[in-house]
Amino acid sequence: VQDSYDVVVVGSGGAGLAAAISAHDAGASVAVFEKMPVAGGNTNGASAGMNASETIFQEAEGIEDSKEKFFEESLEGGKGTNDQELLRYLTDNAADAIEWLDSLGITLNNLTTTGGMSVPRAHRPEDGSPVGEYLVDGLIENLSERDIPLFLNSEVNGLMQEDGVVTGIDVAVGQTNQMSIQAKSTIITTGGFGASPDMLQEFEPDAADSVTTNHEGATGDGIKMAQEVGADVVDMEHVQVHPTVDQTEGFLITEAVRGEGAILVNQKGERFFNELDTRDAVSEAIQSLDEGYSYLIVDQALRERVPAIDFYESQGLVQKGETLAKLAEEIDVDAETLEATVTAWNEHVQAGEDPDFGRETGMEHQLSEAPYYAIKIAPGVHHTMGGLRINTETAVLDEAGEAIPGLYAAGEVTGGIHGQNRIGGNAVADIIVFGRHAGEEAAK
Ligand code: ADP
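This one's a predicted model, so the numbers in the text were calculated from it and none came from an experiment. (Residues numbered from 1 in each chain as written. Predicted model: local features only at pLDDT ≥ 70, side-chain atom pairs only at ≥ 80, totals over all residues. Heavy atoms only, no water.)

## Concerning the overall build of the protein chain
The cut-off we apply is this: Per the convention used, a helix needs a DSSP run of H or I reaching at least four residues, while a strand needs a run of E reaching at least two, with both numbered from the N terminus. Throughout, radius of gyration means the C-alpha value; the globule benchmark is 2.2 Å times the number of residues raised to the power 0.38. Burial here depends on accessible area, computed with a 1.4 Å probe over protein chains only, as a share of the maximum for the residue type. Under 20% is buried, over 50% is exposed, and the range in between is partly exposed. What sets the accessible areas is the Shrake-Rupley method with a 1.4 Å probe; for residues, cover comes only from the shown protein chains.
Looking only at helices and strands, one finds 14 helices and 18 strands in the protein chain. A compact globule built from 444 residues should have a C-alpha radius of gyration of about 22 Å, and the protein chain, at 22 Å, falls within 12% of that. Dimensions of the protein chain along its principal axes, counting C-alpha atoms only, are 70 × 45 × 40 Å. In the protein chain, which comprises 444 residues, the share counted as buried stands at 60%. Element-wise, carbon and sulfur atoms account for 43% of the exposed surface of the protein chain, whose accessible area totals about 16,800 Å².

Right under this line is the structure:
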C-alpha cells in the first residue's frame, strides 16, 4: 500500500471497478479498497442484464429501440420522480458503455426483457447466464492487466477533509493496519443499504422485516461517511422490493425467468397479474394474495434459455413434474386449474395478446415442453434507490447543491436516478455508465 494515490476507490462492485479502470486509463494512479473478503458486492448478484438502447447488439438482432424510449420508459417506471438529468445521461451513454465493455472483453450480446420495457433492452452474456459475476470477473481481469491494486478485507472508515476539500481516506488495510491514505480524488462506490436493518428501519420500516437479496456488506457506509463531510442525500425512503425472491435464503430469482416466458400463479393455480409490470406493482400484487407468495411456472424449453435455473435447482428451490398435473401435485395446487391456466396462457401467447392481465412482453414462447418446474417466491428487499446526491459529473453535492471538492460517487450509493421504482437492468447500466464517468472525472 502506498500512502498516496491520484484516485482512491472505496468499494469494488461494478461501479468501483469500472471507475478504477477508467481513471487508470485516463492516466491516474489508482487503488481500490474493499471491506469484504471478496470483490463484487451486490453486483455479483445482478441477474437480469444491462439496459441500453440503440446498441450494436440490438441492431444485430433487428430490435428497434431508441434512447428516447429508454428514457421515457425508465421515467414512467420511476413514476416521473427520477432525477431527469442523471437519467438522460444514463440513457444517452449506455450504448457507448456496452461498446466500452466489449472493448474490455466483456460482451453482453444476448438480449432479454424486464418489467417496464417495451422491447428487449437488457443485455446479457452470450449464453444468457446472469450478468453480475461475468461482469465482475471481466472487470477484475482488467484491473489485473493494468496492475491496479485491489485491497480486500480493507474497510474504509472515514474521509479526510481539509478546508472543505476531501483529501483521502482512513482505512483498516487487511483489517488491522489502520492508515490514512491521501488522494487527489476519492470515489465512493460502496453500494446501498439493503442489508442494514437499522437504516431500513429508519427510512422504510415496512421493508425492515423482509428477507434481503443483498450481500452482507450493503450497509450504507458510504452514505454515512459522505454525510460527515457535508453531503446531501435524496430519495432515502425509496427501497425496492423485488417480486421474485426465495424466502429461505433470500436468493433472487432473475427477472429473465419471466422475461423468457414464465407466468406467476397463486396457490389456486391461477394467474393474478401482469407478470412483467414494474417490480413495485408485481410485488404488491403478490403481497395482496391471501397466501402472500406465488409460484413461477417454467417449462423445459424456458429452463434452457435461462441457465441460472440450474443454480436455483442446486439450491433446492425448484420443484419438478413430468407433466403439469404432476407439478400441480408437487406444489399442492389443483391440477385441472393449473392445466387450464397454462392452456389459456399458451393461447394468449399464440394470439400475441393477454386479455386477462394485459401482459405485452415475454410472450415469445408457449409453456408446452415437459418436464415442468415451479419456483416458490415472494417479495424481498433488493435495492435502495436513495443515496448521495450527485450531478452528471458524478461530483457529490452538499445541501446547497455545490460540489464537495475531491469527492465523487457512483452506483447504488447514489440516489435520484431511479426515482420511486428502478427498472430491472437499469442498475447495471447505472454502475457502468456512472462508474466509468466517475473515473474520468476523478482523474482530471
Ligand atoms: P454497486 O452496484 O454500486 O457497484 P455493489 O454493492 O456492487 O455496489 O458494491 C459495493 C462494494 O463496496 C461492496 O463490495 C461492499 O462490500 C463495498 N463496501 C461497502 N462499504 C465499504 C467500506 N466501508 N469500505 C470498503 N468497501 C466497502
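## Remarks on the packing of aromatic side chains
Note the cut-off: Paired rings are identified among Phe, Tyr and Trp, the last through its six-membered ring, by centres lying within 6.5 Å, and are further divided according to the angle between planes into stacked (under 30 degrees), edge-to-face (over 60) and tilted (the rest). A positively charged side chain is recorded as over a ring if its NZ (Lys) or CZ (Arg) lies within 6 Å of the ring centre. The angle to the ring normal must also be within 35 degrees.
Counted according to the given criterion, the structure contains six aromatic pairs. Seen from their ring centres, Tyr293 and Tyr295 are 5.9 Å apart, and the 80° between their planes marks the pair as edge-to-face. Assessed through its relative accessible area of 5%, Tyr295 is described here as buried. Taken together, the ring pairs in this structure connect Phe251, Phe311 and Tyr312 into an aromatic cluster. One residue, Arg88, lies across the ring of Phe71, its end atom 3.7 Å from the ring centre. It is Arg303 that lies over the ring of Tyr373; its NZ or CZ is 4.9 Å from the centre.

## Digging into the nonpolar core
Our working rule: Here, nonpolar core refers to any group of buried Ala, Val, Leu, Ile, Met, Phe, Trp, Tyr and Cys residues whose side-chain atoms link them within 4.5 Å.
By size, the foremost hydrophobic cluster in this structure holds 87 residues, and its most contacted members are Phe33, Met50, Leu101, Leu139, Ile169, Leu407 and Ile432. Leu296, Val306, Val318 and Met363 belong to the second largest nonpolar core, which has 38 residues in total.

## Focus: the pairing of strand β1 (residues 4-10)
Short version of the rule: Strands were regarded as paired on the criterion that DSSP finds at least two bridges between them. The handedness of a crossover follows from its direction of travel: if, with the strands pointing away from the viewer, the path from the first strand over the helix to the second runs clockwise, the crossover is right-handed.
By the criterion of burial, β1 is predominantly enclosed, with five of the seven residues buried. Bridge analysis of β1 against strand β9 (residues 177-188) gives six bridges, and the strand direction is parallel. Bridge pairing links Val7 to Ser185 in β9. Across four bridges, the pairing between β1 and strand β2 (residues 30-33) is parallel. If you follow Val7 over to β2, its bridge partner there is Val30. Taken together, β1, helix α1 (residues 14-25) and β2 form a β-α-β motif whose crossover is right-handed.

## Side note on the side chain of Ser294
Heads up, the rule is: Here a polar contact is taken to be a pair of N or O atoms separated by no more than 3.5 Å, where protein atoms must pair a possible hydrogen donor with a possible acceptor and residues adjacent in sequence count only if both atoms sit in side chains. In what follows, residue pairs with any heavy atoms lying within 4.5 Å of each other are defined as contacts.
Checked against the element boundaries, Ser294 lands in strand β13 (residues 294-299). From its side chain, Ser294 meets the backbone oxygen of Val265 in a polar contact 3.0 Å long. Aside from chain neighbours lying at most four places away, what touches Ser294 is Leu264, Val265, Phe272, Ile286, Leu289, Ile375, Lys376 and Ile377.

## Considering the site of the ligand
Rules: Any residue with a heavy atom positioned within 4 Å of a molecule or strand is treated as near that molecule or strand. For this scheme, ten residues count as nonpolar: Ala, Val, Leu, Ile, Met, Phe, Trp, Tyr, Cys and Pro. Four count as charged, namely Asp, Glu, Lys and Arg, and the remainder, Gly too, count as polar.
Around the ligand, the structure places 27 residues, and the nearest of them are Glu34, Thr43, Val156, Asp221 and Glu412. Take Val156: an N or O atom from its main chain is 2.9 Å from a nitrogen atom of the ligand. Computed on the free molecule, the ligand has an accessible area of 580 Å², of which 98% lies beneath the protein chains in the complex. Elements that contribute at least two residues to the shell around the ligand include exactly α1, β7 (155-162) and α7 (221-228). Residues belonging to the shell around the ligand are distributed by class as follows: seven nonpolar, 15 polar and five charged.

## Digging into the sheet that holds strand β5 (residues 122-124)
The strand order β3-β5-β4 describes an open sheet built from three strands, whose pairing is antiparallel. Both outer strands of the open sheet, β3 (50-51) and β4 (110-112), are each paired with one neighbouring strand and no more. In terms of strand pairing, β4 meets β5 through three bridges, oriented antiparallel. The residue of β5 that forms the bridge with Leu111 is His123.

## As for the packing of α1 against helix α14 (residues 426-443)
Condition: Angular values range over 0 to 180 degrees, each being the angle between N-to-C directions of two axes fitted as lines to C-alpha atoms, with helices fitted over their stretch in contact. Angle categories are assigned with fixed cut-offs, so that under 35 degrees is roughly parallel, over 145 is roughly antiparallel, 65 to 115 is roughly perpendicular, and the rest are oblique. Handedness of each helix crossing follows the sense of rotation of the near helix against the far helix: counterclockwise by less than a right angle gives left-handed, clockwise gives right-handed.
Two elements in contact, α1 and α14, have axes separated by 7 Å at closest approach and are oriented at 40°. It follows from the interaxial angle that α1 and α14 lie oblique. The hand of the α1/α14 crossing is right-handed. Two secondary-structure elements touch here, α1 through Gly14, Ala15, Ala18, Ala19, Ser22 and Ala23 and α14 through Ile431, Ile432, Gly435, Arg436, Gly439, Glu440 and Ala443. Among the residues forming the contact of α1 with α14, the class breakdown is seven nonpolar, four polar and two charged.

## Observations concerning the environment of Asp280
Tracing the chain through its elements places Asp280 in helix α9 (residues 279-288). For Asp280, a relative accessible area of 22% gives the class partly exposed. Distance in space between the C-alpha atoms of Asp280 and Ile181 is 41 Å, their sequence separation being 99 residues. Of the polar contacts made by the side chain of Asp280, one reaches the side chain of Thr278; its length is 2.6 Å.

## Topic: the environment of Ala438
Relative to the helices and strands, Ala438 is located in helix α14. Look at Ala438 and you get buried, because its relative accessible area is 0%. Spatially, the C-alpha atoms of Ala438 and Ala23 are 7.8 Å apart, while their sequence positions differ by 415 residues. When neighbours within four sequence positions are excluded, Ala438 is seen to be in contact with Ile187, Thr394 and Ala410.

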